[in-house]
Structures are given as C-alpha cells and as structure tokens.
Amino acid sequence: MNVRSQGTVEGTVQGVGFRPFIHRLALRYNLAGYVANTPHGVELQVEGPSEAVERFFASILAEHPPLARIHSLERKDGLPLGHESVFEIKDSLGGRKRSTLIPPDVSVCKDCLDELFDPSDRRHRYPFINCINCGPRYTIIRDIPYDRAMTTMAGFTMCPACRSEYEDPADRRFHAQPNACPRCGPALSLYDTAGQEVPVEDPLAAAIELIKAGLTVAVKGLGGFHLAVDATQDRAVLRLRRKKNREEKPLAVMVPDLRTAVGLASISGAESELLASAQRPIVLVTKRPDHGLSEAVAPGNPLLGLMLPYTPLHHLLLAEGGFRALVMTSGNISEEPIAAGNQEAFRRLAGIADAFLAHNRGIHVRTDDSVTRVVEGRPRQIRRSRGYVPAPLPLPGGSDALPSVLALGAHLKNTVCLTRGNQAFMSQHVGDLENMETLESFKHTIEHLQGILEIKPAFLARDLHPDYLSSRFALERPGIPAIPVQHHHAHIASVLAENGIPSPVIGLSLDGAGLGDDGTIWGGEVLVADLVSYRRAAHLEHAYLPGGDAAAREPWRMALSCLYRAYGTGLYDTPIPLIRHLDRSKAEIMVKMMEKSLNSPLTSSCGRLFDAAAALAGLRRRNTYEGQAAMELEMARTPGTREKYPWEITASKDLLILKTVPLIRALVEDVIRGEPTGVVSSRFHNTLIDLLAAACGEIGRKTGIRDVAMSGGVFQNATLSAGLGRVLGRLGFRVLTNSMVPANDGGIALGQAASAALRAAG
Ligand code: ZN
Ligand code: ZN
Ligand code: FE
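About the cut-offs
- Residues numbered from 1 in each chain as written.
- Chains lettered and ligands numbered in written order.
- Predicted model: local features only at pLDDT ≥ 70, side-chain atom pairs only at ≥ 80, totals over all residues.
- Heavy atoms only, no water.
- Helix = DSSP H or I, 4+ residues; strand = E, 2+ residues; numbered from the N terminus.
- Buried < 20%, exposed > 50% of the residue type's maximum accessible area, 1.4 Å probe, protein only.
- Contact = heavy atoms within 4.5 Å.
- Areas by Shrake-Rupley, 256 points an atom, 1.4 Å probe, with all protein chains shown as cover.
- Lys, Arg positive; Asp, Glu negative; His and termini not counted.
- Charge placed at Lys NZ, Arg CZ, Asp CG, Glu CD.
- Donors = N, O, S within 2.8 Å, 3.2 Å for Na, K, Ca; no water.
- Tetrahedral: all angles 85-135°; square planar, octahedral: opposite > 155°, others 65-115°.
- Axes fitted to C-alpha atoms, helices over the stretch in contact; angles between N-to-C directions.
- Parallel < 35°, antiparallel > 145°, perpendicular 65-115°, else oblique.
- Nonpolar A, V, L, I, M, F, W, Y, C, P; charged D, E, K, R; others polar.
- Polar contact = N/O pair within 3.5 Å; in protein donor to acceptor, adjacent residues only side chain to side chain.
- Pairing = 2+ DSSP bridges.

Q: I'd like to hear about the overall build of the protein, residue by residue, with values.
A: Helix and strand counts for the protein stand at 23 helices and 31 strands. Across its three principal directions, the C-alpha atoms of the protein cover 90 × 60 × 50 Å. Within the protein, buried positions represent 60% of all 762 residues. Relative to all contacts within the protein whose residues are 6 or more apart in sequence, the contacts with residues 24 or more apart total 71%. Approximately 28700 Å² of the protein is accessible, and the part contributed by carbon and sulfur atoms is 51%. Placing the 84 positive and 82 negative side-chain charges of the protein at their respective mean positions leaves the two points 2 Å apart.

Q: I'd love a proper account of the coordination of the zinc ion (ligand 2), names of residues and values included.
A: Bound to the zinc ion (ligand 2) on the protein side are Cys159 (SG), Cys162 (SG), Cys181 (SG) and Cys184 (SG), at distances that span 2.2 to 2.3 Å. Here the zinc ion (ligand 2) is ringed by four donor atoms whose angles at the metal span 103 to 116 degrees, and the overall shape comes out tetrahedral. Expressed as a motif, the donor residue spacing for the zinc ion (ligand 2) is C-x2-C-x18-C-x2-C.

Q: I'd like a description of the packing of helix α19 (residues 628-636) against helix α21 (residues 677-703), backed by residues and values.
A: Where α19 meets α21, the closest approach of the two axes is 8 Å, and the angle between their N-to-C directions is 105 degrees. Of the possible angle classes, the one that applies to α19 and α21 is roughly perpendicular. Within the contact between the two elements, α19 uses Leu633, Glu634 and Ala636 and α21 uses Thr677, Gly678, Ser681, Phe684 and His685. Considered class by class, the residues forming the contact of α19 with α21 number three nonpolar, four polar and one charged.

Q: Talk me through the coordination of the iron ion (ligand 3); I want residue IDs and the actual numbers.
A: Four donors placed tetrahedrally around a metal ideally meet at 109.5 degrees, and six donors placed octahedrally ideally meet at 90 or 180 degrees. Protein-derived ligands of the iron ion (ligand 3) are His487 (NE2), His491 (NE2), Asp511 (OD) and Asp745 (OD), with the metal-ligand distances lying across 2.1 to 2.2 Å. Here the iron ion (ligand 3) binds four donor atoms, and the angle range of 87 to 170 degrees at the metal identifies the geometry as irregular. Considered as a linear motif, the donors of the iron ion (ligand 3) on their single chain read H-x3-H-x19-D-x233-D. With a gap of 20 residues between them, His491 in helix α13 (residues 487-499) and Asp511 in strand β23 (residues 505-515) connect regions that are remote in the sequence. Overall, the relative accessible area of 0% leaves His491 in the buried class.

Q: A description of the environment of Asp432 should follow, citing residues and the corresponding values.
A: Structurally, the position occupied by Asp432 is in the loop between β20 (423-426) and α11 (436-453). With relative accessibility at 14%, the residue Asp432 sits in the buried group. In contact with Asp432, not counting residues within four places along its chain, are Glu335, His411, Leu412, Lys413 and Thr438. A polar contact of 2.8 Å, which involves the side chain of Asp432, links it to the backbone nitrogen of Lys413.

Q: How would you sum up the environment of Asn599? Please name residues and give values.
A: Assignment of secondary structure puts Asn599 in the loop between α17 (584-595) and β27 (602-603). Asn599 sits in the exposed class, given a relative accessible area of 51%. For the pair Asn599 and Leu545, spaced 54 residues apart in sequence, the C-alpha to C-alpha distance is 7.9 Å. In contact with Asn599, not counting residues within four places along its chain, are Leu545, Pro546, Gly547, Gly548 and Met593.

Q: Lay out the sheet that holds strand β22 (residues 482-485) with the relevant residues and their values.
A: Paired through backbone hydrogen bonds, the strands of a sheet run either parallel or antiparallel to each other. In space, the six strands of this open sheet follow the order β17-β20-β19-β18-β21-β22, with mixed pairing throughout. Each of the sheet's edge strands pairs with one partner strand only, and the pair in question is β17 (393-394) and β22. Here β17 pairs with β20 via two bridges, running antiparallel. Each bridged residue has a counterpart across the sheet, and for Leu393 the counterpart in β20 is Ala424. α11 rests against β18 (405-407), β19 (417-420) and β20 of the sheet, and its axis sits at about 20 degrees to β19. The strands touched by helix α23 (residues 748-761) are β17, β18, β19, β20, β21 (459-463) and β22; relative to β22, the strand with the most contacts, the crossing angle is about 120 degrees.

Q: I'd like to hear about the pairing of strand β7 (residues 217-220), residue by residue, with values.
A: Judged by which residues are buried, β7 turns out to be covered on both faces: Val217 and Val219 on one side and Ala218 and Lys220 on the other are all buried. Pairing geometry for β7 and strand β8 (residues 225-230), over four bridges, is antiparallel. Opposite Ala218, over in β8, you have Leu227 as the bridge partner. Connecting the antiparallel pair β7 and β8 is a turn made up of four residues.

Below, the structure written as structure tokens:
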C-alpha cells in the first residue's frame, strides 16, 4: 500500500546540490512526489510503498551531499495521496521569512580535478572549472537569493553546453551558479606592473616562467591575491620579504599534495585531515630539518604554515610549473587588507609584484586564508576565514527568542559576528583596525553580511574600550542600543558559546591587552563568569607599561619594567646581557617615566610578562611582528625540565593577586648564573602553569566551580595550553577551550554576541 510523507529540511541545503540528490534518491526508491526550495530550506513530498519511504528518509541523513549541512529534518506522515507518476524538481515555493544559508567557498573537488587534467575533456586546463560540490560561493555572492545574477558571474552568459548541464537535474552542475567553460566563462590574463595586459598566448605558462626566474607573481585566488614565489629560492623569498616590508613573520607555503607536505614537515593524522579538507586552511606543522626550502620562509621558527592547492588555477600552477613549494602569502603590504580587485591589486601591489596573473571573475568580498593548528589532537582556529565563513555556529540556549545582535569585535585581528536566533555568523578575518583600508573593509563586511543573511540587528555589542574604531562605529549609531562587553569576559564567553555552557566557570583570560572595568589594562585575568556576567577573581601582579603601546613592540621595555618592580633603581646593577647592552640614558628616561607614572599605565598583561621574560632571557629586545618574543620563548624551551621558580598569591578581599616578582628575581638569577635559555624558558612556563593552576584551585575551593575555560591570545602557546590543561585535569577540573573560533582576538566577536544577546533578552 502506498503512503505519502513530507520532509522539511533546514540548514545549508541550497546551492549545494541538495535537490538533485533528493531527485536521485526518489528515482532509486521509485517514489513519486516533488522537491522544492523554500525560504527556509527545502521541502519535499514522496509517495510510494512505506518501506521505500523509510529507506528514502534514512538515505537523506546518511548520504547527503558533502557541502550540505542539515540542521533539522522534520517529517510529517499520513498525507493524502497525490497519485502523480513522476518525481519533480520544482523551482521555488514562495514565502517571506528567509533562513537559508549561504555556503562557504569550497576547494575544487575530485571530479572536477579529473576533468581538469583530462585532455579529452572540454574543460581541460580550464582554471575556473567548478560544480555543485565545489567552487567559489561566499566570495562571489553580492546579494540573495543565491542565483547567478546576484554573483560576480552575472556578466557571463552560459553557452548551450553549460546551460544544458545547469538545467539537467541528473548533472553534477545542475544549478551550479558559477558554472562556466572556456567558451563562455572567465579567462586568465597576465598583467605587468603598470596594470597593462601582456599579450601572451598562455598567461599561466608565462607566469610560471617568471616564478621560476625568481620573480614575484601576484596570483588572483578565491578571496584575494596571493604573492607567489618559488619557496626553494632563497633570493626570491628574501626579495619578496624586503618588498612586502615583512621582516621575519613566517610566510605561508602551498605544496602540490599531501605527499610533498609529509616530506617538508612531520604531519599527524589530524593535520593531514585538515590540510586535505574542503576548507583547505593553512595548517601550522613542525618542519623537518631536511625540508629543503629557503630558511627565509619561516626564519628561526620550527613551524611551517602549509596549505594544499584549493582552486583549479593553483593545481595548474603547481602541476605545470613542477614546483615543490610556492610561497603564497597574502597580497598586501604588512598589515593592510588583502587586495581583491584587479585595479586595486595593480595599485597596491605595484611595488611588490613583478607581474599579475589575474582574471575577470570578480571577488565581491575579500577573504583571507584560514589558519589552524592542531594542539593535543584537536584543531584550533588561529584565523577563521575562507572555507569556514559564513557557516553558522550554534549559540547555547537553543532559543529562537534571542534578539539579533551585531558584535563588532576587538581592535586587532578584527572579525564581526551577526546572530539570528541561536545561530551566530562570524565574518571573515577583517584585520587590525589601524588604517583606512581595513576600516573600509570592516564596514563592507558588515553591510555584506547583513545583506546576504537578511539580518537587521536589534542590538550592537562592542568592546568596553570607547576609543576602538569598532566601538566608535557602534557609538555613531544612536538608533541601535550598543551593549559594551569587557574584553576578557568576551574571550571567556566565546569558549562558553562554543561549548554550549550556560553555568558559571572559572575563566582564565590571558592575552596582550584589553581595557578592564577599573580603567587599567588587563591581560592576565582569572574571572568567575557565565555568558551574562563576570567577576574578576584574580589577576597577575601589575607592572608598568612604559610608553604604552610601544611596550608591546619592544619587549626590552617590559623587561625593564619587571626589573624596576623587582629591584627598584638597583636594576642597573643586575649583571645580565640585557642591562649591559642597554642604552643607559634611554633606560633612565624609561625609569623616570615609571616613577612619575608618565605614559606608563598599569597592566596585568600575561602577554607582556612573556615579553619581559623573553627579553630578560636574552632572546629578543624588539618584535618584528605581534607576539614574536613570546613565541620564541616557547620555541626555545628545553622539554623535560621540571623545576620552577617561586611565586606567591596574596589576597585582598575577594581578589587574589598572583605575584610574579619572586619569579622575575629567580629568572634573573638563572640568567646571571648562565643557565641555558631553554632551561630558563621551561622553568618560566612551569611556573606560570603552577601559579595559574593554584589560583584556579583556590577559586574552585571557594566557589565550588569545577569548570575552567581558557581563552585569549596567550593560549596560542601550546606548551602553556596543553600543560595547564593537564595540571587542571589532575586537580579534577573540566577544561574548556576554543576550537572553532580563535582563542586570540579573532574570536572575541562570538563572545560579545553571545553575551549581549543573552543580556538583551534579559
Ligand atoms: Zn567540482
Ligand atoms: Zn560554457
Ligand atoms: Fe584579547
């Protein structure tokens, strides 16, 4: 006997081959009915023998297309029979509310790659090959609904062959909006430094020759331009560094395949899975000593940022050039946003690139490569961007009653976050809001995200710091109430949101800087917090920040500050290399500034404590990029060293002060004794782990809380994060960390959004 059932599917189910998939299933089980897009997702009805209907529904969940994300499948049985004889794909069913999701960009799939390298295929060597399972999405979508006309492919009219694929439900390119071929689609061109097209037969082959000759070619990718040089050529890499004004910060490297990656670095199962995933992030992995790349790729750094090719053009470039590894670094000057438009790239990269391998498929929103690292077997996002955005993250509570919030993020590593009900949409990486280009990009990102998601936020969430450009943006919109969220609370809230934890936790929030609610600069905080509120339960002992922001760039200033705290003006007599090499008059000015509290705010920053330790240990007096000294301190450590330095915890009322002066004195004595830097570094790490664990233990005893959430940029330090996690585990705590959003300020917007949404909801 026949039955009829209806299924309503919500999630990422449009533009991902979902309807053809349903169509194929219906044919397989010999069912009649229909499938259609709705404003909420997809609706289907099937009619046939009940056993076949059961198997049909089971197959939806088991076999759905790789890019589809099913958030819910609601089923209604016992519908009146329709007695139709076929299964039909309907266009769209009307309705007003929109909750369909725009898919992220996806690396080129295996089927398309096979065609790309098949000389008999009509898309042989075509750099823009794609299908419903792969290709550009988020970066080319101007507006919704997600149709070709609303993408940067609007100007290309499909040829008859492409059109028939596009219209055939059985075809892999059915409704693949960016579908194209060499006859009808975008094409590559080579441009010189003046932005003039170079008349060459094969732009790709010409670009390959330039790279082989040691030159820099700007290559247009999915979310922006890369600057490409041969990673095995020392001079080429050094030249790129000089022109890009990038002294020592590691450069990302693209390799043709996993096998090559394994030859360059030691790669775990979890790391190779990430490298080969459809998102294709940059993965930080440990170099092999015999990697054979230029040392200038990641000087003095045991890690290497690797990625596999993700566009057809990347595959062609690596395969036809026979390159073992290409530096593929963002097309920008130091901290500016990545160049995305052709004209923009010609203008901004003219002084860096020797040629441009570009094309006429527009990039609507610039989106950098994502960066991840596996710590303790778990992937951790360092930069969540291309491939992940705009896939939503669930907010805890599961309540659709939450108001929509636009969270504006922090000042550095800015991202924004929009919420709708219990879904949080994090933006791509915007960058440091310190120049006009980035500010423009910030505004465009907000507009675009609001447009494609059709969200009008009822509230804004901003950092407590009123002078951040992101905060000012909020304050200039008097129509929408802006809810301030303290920086370190937002870090902890991001962990709570990610892990769906509604109850209070002990929050270890360790980073470089954020404004505290007492007007001082925080950064070494132990909070007792839930999503809505927090209390500062402990913090690292204060130190002066001589010269304010300059102290973050020049670790020697923090070293001086810690010495001053430990020895007063006796600091000049400490016989350590740092003092011997110090410009005495400059040091005296610094000390005067601290004595008189001139441009020397107080901070409890943990990041700055790392800087001080690194400079005292003799590693580095000046950073060429953010967090460099702290990173080098971690890299220097001698594993297996068990000793630690003394510390002390004092209490004033409900607040614990984590005293680090004893630590600094002991560290300095080690340096005077000539202990190896590695040993000093290990003892420093051990001490911090011990001290923070003791603070958690004390607070746990007082409050009865057994959960510890760890967040903030300092937790990118794997030694601290893993070591502290183990010790806290032994003390009986459950340890919660970030994984899907960065622990650094790139994850702040999620915490702001979650906290503000709950607070606004009362
Ligand atoms: Zn494909
Ligand atoms: Zn075509
Ligand atoms: Fe932070």
